[in-house]
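Each chain is listed here by its residues.
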Amino acid sequence: ALMEMMRDWIVTLPLNGEFASVGSNSRKDNGGVRVGIVQFSSYAGESKARVTPAGVGTGGRLSGVHAELQKDINWHEDNYMGRRTMIEQGLIKAVNMFHNSPMDGRKKLLFIFVDEQIQDLSNIPMAMSELNKEAAQVFGV
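All residue numbers refer to positions counted from 1 along the written sequence of the respective chain. Only residues with pLDDT of 70 or above have their local features reported here, since the model is predicted, and side-chain atom pairs are shown and tallied only from 80 upward, although totals for entire chains, interfaces and linings are computed over all residues. Think of the side-chain values as coming from all heavy atoms in the structure, minus any hydrogens and water.

1. Quick notes on the confidence of the model for the protein chain
Line of reasoning, step 1. On a scale of 0 to 100, pLDDT captures the predictor's confidence in every residue. Per-residue confidence for the protein chain gives a mean pLDDT of 83; residues scoring 70 or more make up 89%.
Line of reasoning, step 2. Confidence, expressed as mean pLDDT per element, reaches its minimum in the protein chain at strand 3 (residues 108–113) with 70 and its maximum at helix 2 (residues 66–78) with 94. Counting from the N terminus, the helices are DSSP H or I runs at least four residues long and the strands are E runs at least two residues long.

2. Let's talk about helix 1 (residues 2–12)
Line of reasoning, step 1. Residues of helix 1 that are buried: M3, M6, R7 and I10. Buried positions in helix 1, seen along its axis, are confined to an arc of 100° and lie on one side of it. Structural note: helix 1 exposes M5, D8, V11 and T12 on the side pointing more than 90 degrees away from its buried face. We call a residue buried when its accessible area falls under 20% of the maximum for its residue type, exposed when it is over 50%, and partly exposed in between, using a 1.4 Å probe and counting protein chains only. Arc definition: it is the arc formed by the directions from the helix axis to the C-beta atoms.

3. Some points on the environment of N74
Line of reasoning, step 1. Assignment of secondary structure puts N74 in helix 2.
Line of reasoning, step 2. Given the relative accessible area of 34%, N74 is considered partly exposed.
Line of reasoning, step 3. For N74 and R7, which are 67 residues apart along the polypeptide, the C-alpha to C-alpha distance reads 9.5 Å.

Written out as structure tokens, the structure is:
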């Protein structure tokens, strides 16, 4: 149900129409938004994170294109990690998404998918500080 809600919500967003491949080279700002999706979890007691791989949807980047974001949602549904939730590495991936996108003040949203209570809150202040520098709006689900 959550993923269907996300699909419906993305359809209503004022996306800017820029493909993820634009990266930081774009200077177009039509007031729309770009969205990125990161899945956090753990493996063998270490923080892990997933974004869509190269060649799938956004390839782990921000996008303002509905079709790319829908492919990301499909991938995350199919590749759900379902382990303990540790978010440090996911926040680092999120920071990288923003660093590799235009830095012109446009709105940037990041959805964070967690599978249980966050287990590594004490490890995240530096990554959160970097996200704050990017003026990112972060939503945890």
